[in-house]
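# Inside the fold
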Amino acid sequence: MIVVTDEAELTPMSCVGNSTVSIPVMQVLAQDGDQLKSGAAEGASVTFKELKLKGSVDLVASFALLVMASLTIVFGAIWSLSDQGFLFKPKSDDDASQGSGGGREASGGGIEGLEITEMSAAYFVVFASIVLLVIFFTMQHWVFLIIKGVFCFAAVQGLQALFFAVFESGFKALSKDIDIPVFGTVNQLSVPSVACAVVVVLVWLLNQDATWAWMLQDIMGMSFLINVLRLVHLPNLKVGALLLVGAMCYDIFWVYIQPHLFGRESVMVKVAKGGEQHESLPMLFLFPRLGGNVGDFSMLGYGDVILPGLLIVHNHLFDNRYNESSKPRLAYLVPSIVAYVAGLLLTFLALHLQVGGQGGQPALCYLVPTVLGGTVAYAHFRGDLKEMWVGSQDDGTDPDGEGERLIGTGSTNSSAV
């Protein structure tokens, strides 16, 4: 028996009470049902074949997502430390005469980053919930267009910084300031950097339905997240803990608790699926599932990268706060990345076991305990927990009075968000 549903998605079928069905029953969407009817009316034969479904976790795709997320955080940490070092690096007379300072700032290098405050960390959950509900209750095409527009703008910013860094390393002699009407003084390498960034975004925007579009989306996403991680900083572990615990509670509520309080399905899951029209949201890392249908992807949300990434970047900057050598210390970066990988592996395991019965898993439920918990335990082991928790409140010198602090773990170097 074939059951044709008029719903936008297939729904579970069950019998009333203890009744049983002894004949094969399948459910199809209305579009497929119409095709079956027209085929039967024309005398065509229909063959059904039972296929064994793949598991909910594709190992290759999951590994690819893990690598992309980890590399994004590592690059963001390294670049952020490089920017912070540039802020305190004495400028030579040659640099001043070349007027290259504007070029460095054009790419974001050497610009004082934004610092998250306790209040903004607390407001994050409220603001994110409001945005989620607005999207859920409107769920119109124009809303998704706005989201895509914001993503494209952010991707242009990130790609421009990456292209500028590449051009500057290869064409150092051309890194000079020029005056452009309307835009003012900019580095001349910023012009081709912006042009290349806009071209990449336009190619993706005009070919979103292409089978290869996911690769450009991942590149755009990585550039955007790296740019955020290098420019947005946590002042101390206390603010990081507040932000991550709040984000984890946000995930738990909207995925597991909210469906039992109101509504029959998770607001977050429905928004992630793009509503009844299945609008695509670009705020995801994608990788095609091997052996799956076209458009069948394993996904990882940007929030599962950037939120733990902020703490990992903070750990790396904290580790190098007194470092004057050209070689960065990795005492915190490596263990933090290991903790992040462990959290993602737990997420994939929960997805395979279908914990909670959801189609997806709130990764922060596993990433926050491993990354935040690992940071607290490791800092305590090294004797740094007190200083890391409250942030450095000194005058910028190390405990021995030697050297200037390269990064601000308090509120010395950054603007508050």
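Located above this text is the structure these notes cover.
Procedures and definitions
- Residues numbered from 1 in each chain as written.
- Predicted model: local features only at pLDDT ≥ 70, side-chain atom pairs only at ≥ 80, totals over all residues.
- Heavy atoms only, no water.
- Helix = DSSP H or I, 4+ residues; strand = E, 2+ residues; numbered from the N terminus.
- Buried < 20%, exposed > 50% of the residue type's maximum accessible area, 1.4 Å probe, protein only.
- Areas by Shrake-Rupley, 256 points an atom, 1.4 Å probe, with all protein chains shown as cover.
- Expected span 1.5 Å × (residues − 1).
- Arc of directions from axis to C-beta.
- Pairing = 2+ DSSP bridges.
- Core = buried A, V, L, I, M, F, W, Y, C linked by side-chain atoms within 4.5 Å.
- Contact = heavy atoms within 4.5 Å.
- Axes fitted to C-alpha atoms, helices over the stretch in contact; angles between N-to-C directions.
- Left-handed = near helix turned anticlockwise from the far one by under 90°.
- Nonpolar A, V, L, I, M, F, W, Y, C, P; charged D, E, K, R; others polar.
- Salt bridge = Lys/Arg side-chain N within 4 Å of Asp/Glu carboxyl O.
- Polar contact = N/O pair within 3.5 Å; in protein donor to acceptor, adjacent residues only side chain to side chain.

A tally of regular secondary structure across the protein gives 14 helices and nine strands. Scored against the burial criterion, the 417 residues of the protein give a buried share of 42%. For the protein, the computed accessible surface area is about 22800 Å², with 64% contributed by carbon and sulfur atoms.

This next bit is on helix H7 (residues 190-206). With 17 residues, H7 extends 24 Å from end C-alpha to end C-alpha; this agrees with the ideal 24 Å at 1.5 Å per step. For H7, the complete set of buried residues consists of Ser190, Ser193, Ala197, Val200, Val201 and Trp204. One side of H7 carries all its buried residues, which in axial view fall inside an arc of 100°.

Judged from the four bridges that link them, strand S4 (residues 177-180) and strand S5 (residues 184-187) form a sheet pairing that is antiparallel. Across the sheet, Ile180 pairs through a bridge with Gly184, a residue of S5. What sits between the antiparallel neighbours S4 and S5 is a turn of three residues, in which Val182 has the positive phi angle 75°.

Let's shift gears to the nonpolar core. If you look at the biggest cluster of nonpolar residues, it comprises 62 residues, and the most contacted ones within it are Ile116, Met220, Phe285, Leu300, Val305, Tyr340 and Leu344. A per-element tally of this core places helix H11 (residues 303-319) first, with nine residues. If we skip the residues at most four places from it in the chain, Tyr340 touches Ala69, Ser70, Ile73, Leu300, Asp304, Val305, Pro308, Ile312, Leu367 and Val371. Counting 14 residues, the second largest nonpolar core, distinct from the first, contains Phe144, Tyr250, Met268 and Leu281.

What follows concerns the packing of helix H8 (residues 213-231) against H11. At a minimum axis separation of 10 Å, H8 and H11 run at an interaxial angle of 35°. Both H8 and H11 take part in a crossing whose hand is right-handed. Every residue of H11 that contacts H8 at Leu225, Val228 and Leu229 is listed here: Val305, Ile306, Gly309, Leu310 and Val313. Tallied by class, the residues present in the contact of H8 with H11 amount to seven nonpolar, one polar and no charged.

We now examine unusual backbone geometry. The phi angle of most residues is negative, glycine excepted, and most peptide bonds adopt the trans form. Positive phi outside glycine occurs at Val182, with the angle close to 75°. With respect to the helices and strands, the residue Val182 is situated in the loop between S4 and S5.

It is worth spelling out the pattern of salt bridges at this point. Across all of its chains, the model carries five salt bridges by this definition. Here Asp83 ties to Arg230 by a salt bridge, and the two come within 2.9 Å at their closest N and O atoms. With a gap of 147 residues between them, Asp83 in helix H2 (residues 59-88) and Arg230 in helix H8 connect regions that are remote in the sequence. The buried category is assigned to Arg230, whose relative accessible area is 2%. The residue Arg382 makes a salt bridge to Asp384 at a minimum N-O spacing of 3.6 Å. When its relative accessible area of 38% is taken as the criterion, Arg382 is described as partly exposed.

As a further point, take the side chain of Asn320. By the element assignment, Asn320 lies in the loop between H11 and helix H12 (333-353). The class for Asn320 is buried, based on a relative accessible area of 1%. Here Asn323 takes part through its side chain, which lies 2.9 Å from a polar atom of the side chain of Asn320.

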